[in-house]
Amino acid sequence: MDITTVQNRIIEEMTRRGDWMDRYAYLTEQAKNLPEEYQEVRKDENAVSGCQSQVWVDADYRDGRLYFRADSDTVLTKGIIALILQVVDGRTPEEIVGADLYVFRETGMESNLSPARSDGLNAIIRHIRMMARQYATG
Amino acid sequence: MNKQNPQEFVKPDADLRMPNRLRSDFPILQRKVHGYPLVYLDNAATTHKPQVVLDRIQEVYKDGYSNIHRGVHYLSGVASQAYEDARKTVREFINAPHEHEVIFTGGATDSINLVAASFGDAFVQEGDEIIVSGMEHHSNIVPWHMMCRRTGARVRTLPVSENGTLEPATLKELISPKTRLVCLVYVSHVLGTVNDMQELIRLCHEQDVPVLVDGAQAVQHMQVDVRELDADFFVFSGHKIFSETGIGVLYGKEDWLDKIPPYRGGGGMISSVTMEQTSFGELPFKFEAGTANYVAAISLAAALDYVKQAGLDAIKAHEDDLLAYALDRLDELDGLTIYGNPPNRCSVVSFNLDGIHHYDAGMVLDKKGIAVRTGKLCAEPLLRRLGVDGVIRASFALYNSKEDVDQLIEGIKTAHNLFRA
């Protein structure tokens, strides 16, 4: 599935949940789907600055693709990370660098997750793009 | 006002009628957030503004605005008079001996920075010590660190006791011949502790050490009398007591203010200037360089008048009652930790829900229209002392009601259901 299709599917899931508590319940479920071993990334060198909650991201580059592991100390951020990983995990660096990651803008998460959290969201996306850029060719 | 109206003579029941009566004075409290009526419990961060304050600000701009202490023209006179009247209102509010001991600043932080810079220049040298409590907001820690970097002095910490208070006996042990200044918070913005300030100050004065009191969380909740406290410096912010932002107060004893040099240079604070040198003006002007935020100062006077009219004793009775109710209701909930257990507590309660990140809880409360503060609350040393990396804080003002507390409890239950499922 391409990046656009995955993002549209997430937007559809979020929009179906009009109520904020339903959306949070959905994020909580998503958070549980993050593999437990991702907690290994909780190291200073993986910390994403700019988030009110703590976020850690690391990636492996194998066969031309990026595989991310990420974690947070808060459930809702973890849920958001799980959704971001659905979009970017296992893709080529070029795909990630070139993509418009509009999923949270479209779902209203960006403005409604409080400005502080929105900064955090942008910080995570910036961090992922930066990692991708290190591997991207051309 | 109709003096015959018997209702004028009925003292409102502090417990029930005050918030209902006063709540309608604050336009923003009528709005909804995420579809729910706003439950504003972040008053220690800032308070909302009553209509009288909003009206006063507009009135100044529409009817009495011109730069103060500058012109010979009519409007300058009107604005200058209102600004100096505001100083008088502040003096009366904190019972300062003289109006020229009231310096208008940008806020409590600005006031502390002024003292740290000026007092530091005049009285602090390498090897000296400044005592700062472990209960302080960063605004009463960082300026002292900066001062120590400049002077070579060092900060010594007055530790916070187990129940969340500052103990006079501990302070007494810490004071030494090297101590130049002691900086203490009156009411904790995290724990709500009302410290025994009069006794703490008395101990310092026994050793001839002056005290700066951070009163940012005190003035809006209880009667403050700087003369009775015998505080050498006392600071607070306007926006936490219903005025416009960008205005604060530094009260200092005349003796100290005379002895410390100006903080910033500019217009309005001089007696004469040649190209070779400047002679500084008298108090309070020597500390008020440049165009003061006089509209905000005038709004502060309107806010203080509003508080006086509501009555600080009635406000305190109402808020004490509300806090006791909040503590009781929070106590009913399982898996909730309340921080601090001081004997004297005021308008603030910080807590955590076991197994739920404070930020997640805050996000859920927000979506129910409930505004609380979460995180480190600009008090990292105190939070470290509490052994947590963040808390949820509910803080009350005169317009809050028991219904607000009930909504908070319902919000917490929602968070429990969502994250503990």
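The rules behind each value
Residues numbered from 1 in each chain as written. Chains lettered and ligands numbered in written order. Predicted model: local features only at pLDDT ≥ 70, side-chain atom pairs only at ≥ 80, totals over all residues. Helix = DSSP H or I, 4+ residues; strand = E, 2+ residues; numbered from the N terminus. Buried ≥ 20, exposed ≤ 12 C-beta atoms within 10 Å, placed from the backbone. Contact = placed C-beta atoms within 7 Å. Domains from an automatic or database assignment. Nonpolar A, V, L, I, M, F, W, Y, C, P; charged D, E, K, R; others polar. Pairing = 2+ DSSP bridges. Right-handed = clockwise from strand over helix to strand, strands pointing away. Core = buried A, V, L, I, M, F, W, Y, C linked by C-beta atoms within 7 Å. Axes fitted to C-alpha atoms, helices over the stretch in contact; angles between N-to-C directions. Parallel < 35°, antiparallel > 145°, perpendicular 65-115°, else oblique. Left-handed = near helix turned anticlockwise from the far one by under 90°. pLDDT = per-residue confidence, 0-100.

With respect to the overall build of chain B
- Within chain B, the regular secondary structure consists of 14 helices and 17 strands.
- Viewed in the frame of its principal axes, chain B has a C-alpha envelope of about 75 × 60 × 35 Å.
- The buried share of chain B, reckoned over its 421 residues, is 49%.
- Long-range pairs, those at least 24 residues apart, make up 70% of the contacts in chain B between residues at least 6 apart in sequence.

As for the overall build of chain A
- A count of helical and extended segments in chain A gives 7 helices and 2 strands.
- Reading chain A from its N end, one meets helices and strands in the order α-α-β-β-α-α-α-α-α.
- Relative to its full complement of 138 residues, chain A shows a buried share of 38%.
- Across chain A, the fraction of contacts at a sequence separation of at least 24, relative to all contacts at a separation of at least 6, is 64%.

Comments concerning the domain arrangement of chain B
Residue and element names in this part refer to chain B.
- By the assigned domains, chain B splits into domain 1 (6-49 + 311-420) and domain 2 (54-308).
- For domain 1 versus domain 2, the distance between C-alpha centres works out to 28 Å.
- Every contact between the two is made by 28 residues of domain 1 and, on the other side, 27 residues of domain 2.
- Partitioning the side of domain 1 that touches domain 2 into residue classes produces 15 nonpolar, 7 polar and 6 charged.

What to know about the pairing of strand β7 (residues 179-185) of chain B
Residue and element names in this part refer to chain B.
- Burial analysis of β7 places 5 of its 7 residues in the buried class, which makes it a mostly covered element.
- Sheet analysis places strand β5 (residues 129-133) next to β7, joined by 4 bridges and oriented parallel. Bridge pairing links Val132 to Cys183 in β7.
- Relative to strand β8 (residues 211-214), β7 is paired through 4 bridges, and the arrangement is parallel. Within β8, the position partnered with Cys183 by the bridge is Leu212.
- Each parallel crossover has a hand, and the one from β7 via helix α7 (residues 197-206) to β8 is right-handed.

Here we look at the interface of chain A and chain B
- Contact with chain A, which involves 12 residues of that partner, is made by 12 residues of chain B.
- Mapped onto the side of chain A that touches chain B, the elements with two or more residues apiece are α2 (20-33) and α3 (75-88) of chain A.
- Among the elements that line the side of chain A that touches chain B, the one with the most residues is α2(A), at 5 residues.

Re the environment of B:Glu206
Residue and element names in this part refer to chain B.
- Note that Glu206 resides in helix α7.
- Residue classification places Glu206 among the exposed residues on the basis of 10 C-beta atoms within 10 Å.
- Spatially, the C-alpha atom of Glu206 lies 9.6 Å from that of Lys172, the residues being 34 residues apart in sequence.

Regarding the nonpolar core
- Formed by 159 residues in total, the largest nonpolar core has its most connected members in B:Val213, B:Ala297 and B:Ile298.
- No other element matches the 13 residues that helix α10 (residues 294-310) of chain B contributes to this core.

Some words on the packing of helix α3 (residues 74-94) of chain B against α10(B)
Residues and elements named next belong to chain B.
- Contact geometry of α3 with α10 gives a least axis separation of 8 Å together with a crossing angle of 45°. Our classification of the angle between α3 and α10 gives oblique. For the pair α3 and α10, the crossing hand works out as left-handed. In contact with Ala79, Ala82, Tyr83, Asp85, Ala86, Thr89, Val90 and Phe93 of α3, α10 contributes Tyr294, Ala297, Ile298, Leu300, Ala301, Leu304 and Asp305.

Points about the sheet that holds strand β14 (residues 348-353) of chain B
Residues and elements named next belong to chain B.
- Taken together, the 4 strands give an open sheet; going across it, the order is β13-β14-β17-β16, and neighbouring strands pair in antiparallel fashion. The two strands at the open ends of the sheet, each matched to only one other strand, are β13 (336-338) and β16 (373-375). Shown here is a sheet whose adjacent strand axes are inclined to one another by a mean of 30°, direction ignored.
- Here β13 pairs with β14 via 3 bridges, running antiparallel. Its bridge partner lying in β14, Thr337 is registered against Asn352.
- Its contacts with the sheet put helix α11 (residues 312-332) on β13, β14 and β17 (391-395), and the angle it makes with β14 is roughly 10°.

Notes on the packing of helix α2 (residues 51-63) of chain B against α10(B)
All names here are of chain B.
- Relative orientation of the contacting elements α2 and α10 amounts to 150°, with a least axis distance of 9 Å. In this structure, the crossing between α2 and α10 has a hand that is right-handed. Touching Val52, Val53, Arg56, Ile57, Val60 and Tyr61 of α2 are Val295, Ile298, Ser299, Ala302, Ala303 and Tyr306, all from α10.
- Classifying every residue of the contact of α2 with α10 by side-chain character gives 10 nonpolar, 1 polar and 1 charged.

Considerations on the confidence of the model for chain A
- Residue-level pLDDT values for chain A average 87, and 88% of them are 70 or greater.
- Per-element confidence in chain A is highest for strand β2 (residues 65-72) of chain A, whose mean pLDDT is 95, and lowest for helix α6 (residues 109-112) of chain A, whose mean pLDDT is 59.

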